[in-house]
Each structure stands twice: as structure tokens, then as C-alpha cells.
Amino acid sequence: MSLPLKIDIGKFAHVNGAERRRQCFRGPHVEAQARTSQRIFMIPVAKAKLLEGKRGLIGGIANEQSIAWGCAKAFRAFGAELAVTYLNDKAKKYVEPLAHELQAPILMPLDVRTPGQMEAVFERIAKDWGKLDFVVHSIAFSPKDALQGRVVDVSREGFLTTMEVSCWTFIRMAHLAEPLMRKGGTLFTMTYYGSQMVVKNYNIMGVAKAALESAVHYIAAELGPKGIRVHAISPGPLATRAASGIPEFDALLDKAKAKAPARSLVSIEDVGVATAFLAHDAARLITGETLYIDGGYHIMD
Ligand SMILES: NC(=O)c1ccc[n+]([C@@H]2O[C@H](COP(=O)([O-])OP(=O)(O)OC[C@H]3O[C@@H](n4cnc5c(N)ncnc54)[C@H](O)[C@@H]3O)[C@@H](O)[C@H]2O)c1
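Residues numbered from 1 in each chain as written. Predicted model: local features only at pLDDT ≥ 70, side-chain atom pairs only at ≥ 80, totals over all residues. Heavy atoms only, no water.

Right, let's get into the site of the ligand. Residues in close proximity to the ligand total 28 residues, the closest being Gly60, Ser66, Val112, Leu238 and Thr240. When the ligand is considered free in solution it has 820 Å² of accessible area, and contact with the protein chains removes 91% of it. Split by residue class, the shell around the ligand holds 18 nonpolar, 6 polar and 4 charged. (Near = heavy atom within 4 Å. Areas by Shrake-Rupley, 256 points an atom, 1.4 Å probe, with all protein chains shown as cover. Nonpolar A, V, L, I, M, F, W, Y, C, P; charged D, E, K, R; others polar.)

Below is the structure:
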């Protein structure tokens, strides 16, 4: 069962001029508890609907541990309307109840390696909404042989698949989102510290994340004049399905907790709230960032 989002009322209450700070949020309350597949999912209630009227695409929810789910919960709590994708039929049974909980009016399959599926998602958004305010790309994949081997040994195929799924698809999403963001918008992708430093067992994914962060810079420069902002979000380690492909991940978690100034691991809810903030108009002059949500780990030697 996912935990309710905890939000510091004082930090957000003044943003949209709420009459009384204490009334701004009622969280962490439970807005709805849908009993789906014998599980209860909770979307927190934020009384300040800071993202009301905004519509966004969330790609990369696999289950309720996914970082994309943490983002979706936060965006929805702040009043945004969401389009959600799932990888394939196998994933659909996990994602559909979550999309239902989000009251997502658009739920579509998206395997980024299947030609035409990404285009179909954006065509549907164009048809139903005619605009898009944000995109969360929370998608990465590397074949086991590539991920778990040395970078110096990676095959051409392993390299290309890793780069295609984990980097190029963000570039493509930005390309397809651009015409729908006529009044500006925000594009997000998920990265990791292993792009900057050699992290044991992160291997070829570190190379892909470095390319991804560079793409964020270039696209931020290219689309900035149109009011489109672009960010990489860099969470500390989280025990998700994608993370289960990384050997000795528990040791990474222990190290993160011990070394981070905050002496704490992050949660998907922490990542979601910080990402949602960057989609708010108050953050309109922040772009091209790699935002570390890691308890300060990245500043330590
Ligand atoms: N878990 C961590 O410690 C951590 C830390 C920093 C960054 N990240 C990044 O966060 C993002 C989300 O990962 P997560 O940890 O939430 O794991 P996750 O397994 O919940 O999410 C990964 C998602 O990628 C999707 N995906 C993989 N191949 C795809 C394809 N061909 N088409 C469409 N979707 C595809 C999966 O379906 C899944 O929804 C990834 O980019 C990951 O690298 C994770």
C-alpha cells in the first residue's frame, strides 16, 4: 500500500495567495480509497490546486513503486489532469487501477520500441486536449548483458538498445510535445548520479544518463524561447523494478543513507512533489536543471 504524500503546509500555502495558510492544504488526507485488485491506492489531497488546468503525460508507471507513480500522485494532488501509459498487456493489469485512481481520462499502451505507439499517444492528446503542459518521461531499459557487464565490453546491440530506450525516447517525446506546448510547458526525464561519477554496477546506464542530461541542456536551449522548460530529475536510489536489475542494490541504498547529509533515503513521494513544483508557473525561469533529490548525497566526496 502506498503511503499518503506528506506536504509541508507552510511551504506551499502562500504560493497562490490562499486566504488562510492553514486552509491551503488538508493533507495528508485520503481523497479516495479505491479497492482495486484487493489493494488500496491513495492519492493525497492538496487543497491548493497549484496545477489546476494543466494537463500532462506520465510515461513509465509499472507499479506502485514506480517513480512515475510518485510523480503522478503529486501532479494529480495539485489538480493536474493526466494521461498515463503502460508498457504492454502484461503491465496493463498493474497500471490500469492506478490510472483509475488518478482519474486519468487517457490510458494507452506505449512500448517506445514499437513503431507508431508514441505518435498514437500524442495524436490522442492532440485530439482530446489540443494542448499539453508537461511530460514526465520515467523510462529506462538496458539488456541484462549490457547493464551487468563492463562498459568497455558492451555490444553494439546492447549499447544501442540502452541508448534508444533510455535517451532517444526522451528526445522524441520532446519533439512530439513541442507543437502541443504552444503556451509553454515543462518536460521532465529521470536521471541518476551514475551519469557524473562512476557508481559500481551502474555501468552502461551511466553512459546513457550522461547523454540524457546533455540532451536536456540542448533541448532546454532550443525550446526555451517558446517557454518550454526542460529538466532532468536525479533521485537517490529507490527500490523499484528497474533498480532490481542492478546487482548489490541494497549496498547502494545503505551507502546512500549513511553518506547523504539528510541521513535518509528518498521516497517516490519526495520525487513527485519536487517535480510537480518545477511544473508550476512559479518555476517559469528555471530550466535545463538536473535537480538532485537525494538528501544531498551528490555534494559529498
Ligand atoms: N530506482 C532508482 O533508484 C532510480 C534512481 C534514479 C533514476 N531512476 C530512473 O527513474 C526512471 C524510472 O525507473 P523506476 O526506478 O521508477 O523503475 P520502474 O521499473 O518502475 O520504471 C521503469 C519504467 O520504464 C518502462 N520501460 C522500460 N522499457 C520500456 C519501453 N520499451 N517502452 C516503454 N516503457 C518502457 C517500464 O515499463 C517502467 O514503467 C528510470 O529512468 C530510471 O533510470 C531510477
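Here we take up the environment of Val95. Examined against the element boundaries, Val95 turns out to sit in helix H4 (residues 89-101). Residues Val95 and Trp69, spaced 26 residues apart in sequence, show a C-alpha to C-alpha distance of 9.3 Å. Once residues lying within four places of it in the same chain are set aside, the contact partners of Val95 are Ile61, Ala62, Val84, Thr85, Tyr86 and Leu107. (Helix = DSSP H or I, 4+ residues; strand = E, 2+ residues; numbered from the N terminus. Contact = heavy atoms within 4.5 Å.)

Our focus in this paragraph is a nonpolar patch on the surface. A grouping of Val151, Phe159, Leu160 and Val207 is seen on the molecular surface, where their side chains present a nonpolar patch of about 280 Å² in accessible area. With respect to the helices, strands and loops of the structure, Val151 is situated in the loop between helix H6 (144-147) and helix H7 (156-177). Residue Val151 is classed as partly exposed on the basis of its relative accessible area of 38%. (Patch = residues over 30% accessible without salt bridge, like charges linked within 9 Å, V, L, I, M, F, W, Y side chains within 5 Å. Salt bridge = Lys/Arg side-chain N within 4 Å of Asp/Glu carboxyl O. Buried < 20%, exposed > 50% of the residue type's maximum accessible area, 1.4 Å probe, protein only.)

Attention now moves to helix H8 (residues 203-223). Helix length check: H8 (21 residues) gives 31 Å between terminal C-alpha atoms against 30 Å at 1.5 Å per residue, within 8%. Where H8 is concerned, the buried positions are Ile204, Met205, Gly206, Ala208, Lys209, Leu212, Glu213, Ala215, Val216, Ile219, Ala220 and Leu223. Along its buried surface, H8 packs onto H6, H7, strand S7 (185-190), strand S8 (228-235) and strand S9 (290-293). (Expected span 1.5 Å × (residues − 1).)

Ranked by internal contacts, the top residues of the largest apolar core, which has 41 residues, are Ile58, Ile61, Phe75, Leu82 and Leu102. Among the elements of the structure, helix H3 (67-77), strand S4 (81-86), H4, strand S6 (134-137), S7 and helix H10 (268-279) are those that each provide at least two residues to this core. Here this core takes 8 residues from H3, the largest share from any one element. Apart from residues no more than four positions distant in its own chain, Ile58 is found in contact with Ala68, Ala72, Phe75, Leu82, Ala83, Val84, Thr85, Phe134 and Val136. By size, the runner-up hydrophobic cluster in this structure holds 33 residues, among which are Met108, Met118, Met173 and Ala232. (Core = buried A, V, L, I, M, F, W, Y, C linked by side-chain atoms within 4.5 Å.)

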